[in-house]
Amino acid sequence: MSFIRVRFAPSPTGQLHFGGLRTALYNYLYAKSFNGKFLLRIEDTDRERTIPGAKEQIQSILQWTRVQPDEPPIIQSERVEIYRKYLHKLFGKLNHQNQPHIYRCFCTTDRLMLLRHDCKRRSQPYRYDGRCKQLTEKQQNEYLQQGLPYVVRFSLPTDEQGIQKYDDLVYGHHEHNPYTNEGDFILLKSDGYPTYHLANVIDDHLMNITHVLRGHEWQTSTSKHLLLYKAFNWSAPSYGHLPLLERERGRKLSKRDKENAINPIEIEYYRQKDYYPNAILNFIALCGGGGFTDTDSIVGKTLDEMVSLFNIQFFSRHAAIVDFKKLSLCQRAHFKREYENSTESRQKVIDELREKVRKYYPEKDLQTSIQLQNDYLERCLNMIDFRINLLEELFTNNLYEYLWKEPEIKQDFIDNSDQFRFIIQQTLTNLDQIHFTPDDAKNFVKNYQPKKITSKQIFRIWRLVLCGCLQGPPVHEIATFFGSNIVRKRFTNALQVLDHQNDNVQVKL
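All values reported here derive from a predicted model rather than from experimental measurement. (Residues numbered from 1 in each chain as written. Predicted model: local features only at pLDDT ≥ 70, side-chain atom pairs only at ≥ 80, totals over all residues. Heavy atoms only, no water.)

We now examine the pairing of strand β4 (residues 102-105). If a strand is regular, its side chains alternate between the two faces of the sheet. Residues Ile102 and Arg104 point to one face of β4 and Tyr103 and Cys105 to the other, with burial holding for every one of them. Judged from the four bridges that link them, β4 and strand β5 (residues 151-154) form a sheet pairing that is antiparallel. Each bridged residue has a counterpart across the sheet, and for Arg104 the counterpart in β5 is Val152. (Buried < 20%, exposed > 50% of the residue type's maximum accessible area, 1.4 Å probe, protein only. Helix = DSSP H or I, 4+ residues; strand = E, 2+ residues; numbered from the N terminus. Pairing = 2+ DSSP bridges.)

Before going further, it helps to examine a positive patch on the surface. Taken together, the side chains of Arg49, Lys252, Lys255 and Arg256 define a basic patch exposed on the protein surface. Inspection of the secondary structure puts Lys252 in the loop between β11 (245-246) and α8 (267-272). (Patch = residues over 30% accessible without salt bridge, like charges linked within 9 Å, V, L, I, M, F, W, Y side chains within 5 Å. Areas by Shrake-Rupley, 256 points an atom, 1.4 Å probe, with all protein chains shown as cover. Salt bridge = Lys/Arg side-chain N within 4 Å of Asp/Glu carboxyl O. Lys, Arg positive; Asp, Glu negative; His and termini not counted. Charge placed at Lys NZ, Arg CZ, Asp CG, Glu CD.)

Pairing is antiparallel across the open sheet formed by three strands, whose spatial order is β4-β5-β8. Looking at strand neighbours, the two that pair on one side only are β4 and β8 (186-188), the edges of this open sheet. Each neighbouring strand pair of the sheet contributes to a mean axis angle of 40°, computed without reference to strand direction. (Axes fitted to C-alpha atoms, helices over the stretch in contact; angles between N-to-C directions.)

The next thing to look at is helix α2 (residues 54-65). For α2, built from 12 residues, the straight-helix expectation of 16 Å at 1.5 Å per residue is met to within 8% by its first-to-last C-alpha distance of 17 Å. Within the span of α2, buried status applies to Ala54, Gln57, Ile58, Ile61, Leu62 and Thr65. Taken end-on, α2 shows its buried residues confined to a sector of 135°, consistent with a single buried face. Close packing links the buried residues of α2 with β1 (5-8), α1 (18-33), β2 (37-42), α8, α9 (277-286) and α10 (303-309). Where α2 terminates, the next one or two residues include Arg66, which has phi positive at roughly 70°. (Expected span 1.5 Å × (residues − 1). Arc of directions from axis to C-beta. Contact = heavy atoms within 4.5 Å.)

Applying the stated criterion across every chain, the model contains one cavity of 30 Å³ or more. Each pocket or cavity is described by its volume, and for the largest cavity that value is around 90 Å³. Those elements that place two or more of their residues in the lining of the largest cavity are α15 (417-429) and α17 (455-467). Counting residues per element, the lining of the largest cavity draws most heavily on α17, at four residues. (1 Å grid on protein atoms, 1.4 Å probe; cavity = no way out; pocket = protein on both sides within 12 Å on 5 of 7 lines; lining within 4 Å. Points joined across faces, edges and corners; volume = space filled by probe spheres on them.)

In this section: the pattern of salt bridges. All chains considered together, the criterion is met by 27 salt bridges. Glu81 is the partner of Arg84 in a salt bridge, and the nearest nitrogen-oxygen pair spans 2.5 Å. In this pair, Arg84 and Glu81 are both assigned in helix α3 (residues 80-88), three residues apart and thus about one turn of the helix distant. Taken together, the shared-partner salt bridges connect Arg7, Arg41, Glu43, Arg79, Asp203 and Asp204 into one network.

Following the sequence through the fold, His174 ends up in strand β7 (residues 172-176). Not counting residues up to four positions away in its chain, the partners in contact with His174 are Gln164, Lys165, Tyr166 and Gln219.

Averaged over the protein chain, the pLDDT score is 90; the fraction of residues at 70 or greater is 96%. Taken together, the stretch residues 501-509 has pLDDT below 50 and engages in 31 contacts with residues farther than four places along the chain or on a different chain. (pLDDT = per-residue confidence, 0-100.)

The strand order across the open sheet formed by three strands is β1-β2-β3, and the pairing between neighbours is parallel. Looking at the sheet topology across the chains shown, the edges are occupied by β1 and β3 (74-75). By the bridge criterion, two bridges tie β2 to β3 in an arrangement that is parallel. Among the inter-strand pairings, Arg41 is bridged to a residue of β3, identified as Ile74.

Enumeration over the complete set of coordinates arrives at 32 aromatic pairs. Their ring planes at 65° and their centres at 6.0 Å tell us that Phe18 and Phe324 sit as a pair that is edge-to-face. Taken together, the residues span a long stretch of sequence, with Phe18 in helix α1 and Phe324 in the loop between β14 (320-321) and α11 (325-341) at a distance of 306 residues. Phe324 matches Phe18 in its accessibility class, with the two residues each being buried. Each ring, one from Phe283 and one from Phe324, has its centre 5.6 Å from the other, and the planes form 35°; the classification is tilted. With Phe283 in helix α9 and Phe324 in the loop between β14 and α11, this residue pair connects regions lying 41 residues apart in the sequence. Neither Phe283 nor Phe324 differs from the other in exposure class; each is buried. An aromatic cluster of at least three residues, connected via ring pairs, comprises Tyr360, Tyr376, Phe395, Tyr402, Trp404, Phe481 and Phe482. Taking the ring centre of Tyr179 as reference, the NZ or CZ of Arg127 above it sits at 4.8 Å. (Phe/Tyr/Trp six-rings, centres within 6.5 Å; stacked < 30°, edge-to-face > 60°. Lys NZ or Arg CZ within 6 Å of the ring centre and 35° of its normal.)

Right under this line is the structure:
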C-alpha cells in the first residue's frame, strides 16, 4: 500500500467528546498500522458556532491521549484566501451538461424561505431552483456594483453522471446522487468564508490526504465531495465511514441527553477525574465498531499495543453502543497495570494516594500520621485489590472512611446488646488464636449457649467494630491489614457503645 496520510478534522464548537475522539483514534490506528502519518485540521470556518478555547482544548486532549498529529495542525480560518483562490479557478468552467461548475447566487433570505415553504407545501424535499444560474454576466456585474451580497453555489449534474459511486472502506459499495434530495449547494458564504464542503476538499487535496475516515453521518456528503474533485480535476482519497456511537436503545450520543448528567460524554470530565488516557481509548474501542479480531483483548493495552492489533477489515457496520460499565473495566485494568508494572510506577500510585489523603485530611501530619506512611498506603492498595476505579473513591465513598478516620458505631446497628457484648468479649479473649474466619465464627456459635446466634450475625458485628460499616472487603483482610494492636483497641473501645446513651460513639484507634 502507498504511503498513508489521514487527518482528524474537528470543528471547535464545543468540548471534544467520545464520538470525536473515536474518529481521531481510528484515523490514528489506521495510519500507524501502515506506518503512515496522522494529521490534525481545525475546521473553524463557521464563525458563529466556533467557541473560544475549544481549539486549544481539542489539541490538549489529543496530547493527553498521545493521539498526536505528526505535523503542525492546519487551521482553516487562517487559509480563507487559499480557498477563494482555488474557487476562482472554477469560474467560467463548464460541466458535461454545458452548465457552469459554480455560479454566484444573489437570492435573498426571504426568497429562499418562501422557496423552502413552497417545497414543504408540496411535500417535496427542499431544492434550490437554480434561478441565479441563468443570470447573464451583465446582470451579475450590475449586482456586484450595487454591492448585493451573494453566495457561490456548485452546479449539480441532473443526469445519471450525478450518481457518484465508490467503495466505502467500511460499508462497501455505495452510490448516491445528491441532486435527488437537494439543489445546488453553497461553497462560499456571503461573509466570504468557505463552507465545510469547499474547505474540506481543497485541504484534503493540499494536505495529500490518502484516506478519509469519518462518521457515518457524512456519507451522503461524500458524493458532493467526489463531484468537487472531478470539477478541480483532482484525484479523490479513499473514504470510509465509521458507524455511529449511540447510547442504549439507539439514542444519539448527545451532550443534551439527560443521561449526560450521570455519564458525561466530554473527555475533559474524565481527564479531570484522573482516568488513565489509555483506559479512555480502550473504552472507545470496546464500545463496538470493530477493528480488532478480539475486542476484549485490548483491555489494559497501551495505544502502541492497540496499533499492533488493529485491522480495518474487522470493522463492523453496526452502530456502536456506549456501555459505561466497560469504562470501569478498562480503568481498573490500567490502574492495576500501573501499580504492578514497576517499582517506580507503584511508588507513583502510592504518592498520588498520599496527596489525596493530605487533600481530604489536611490536619494529618506527614511525620507522625500512620495513614501517610508508605507501608500503610501500600497495604491499603493491596487490600482494596482494584475494586475501585479511581483513588478518589477511597475518600468520596463512605465505605472506606475507616481507613482514614476513627470509625463510628451507631447504636441503630446494634440489634442485640447481649450478642454484641458476647462477640466482643470472645474476640478479645481469643484474639491471639482467631483469624476472623468462618471456622472462628462456628466456634463462637457453639459457645453462645443456650441462646442462638448465626455466623452471619458474628461477621456483621466484627465488621461493624472494625470499620463502622456493614460493607467492604472480607473481615479477615481488614483485621490482617490493621494488625492485632489496632484490632484490640477497636474491640476494647467498642464496649463503650453499650454504656452510652448517645446516638453515636467514637471508637478510638
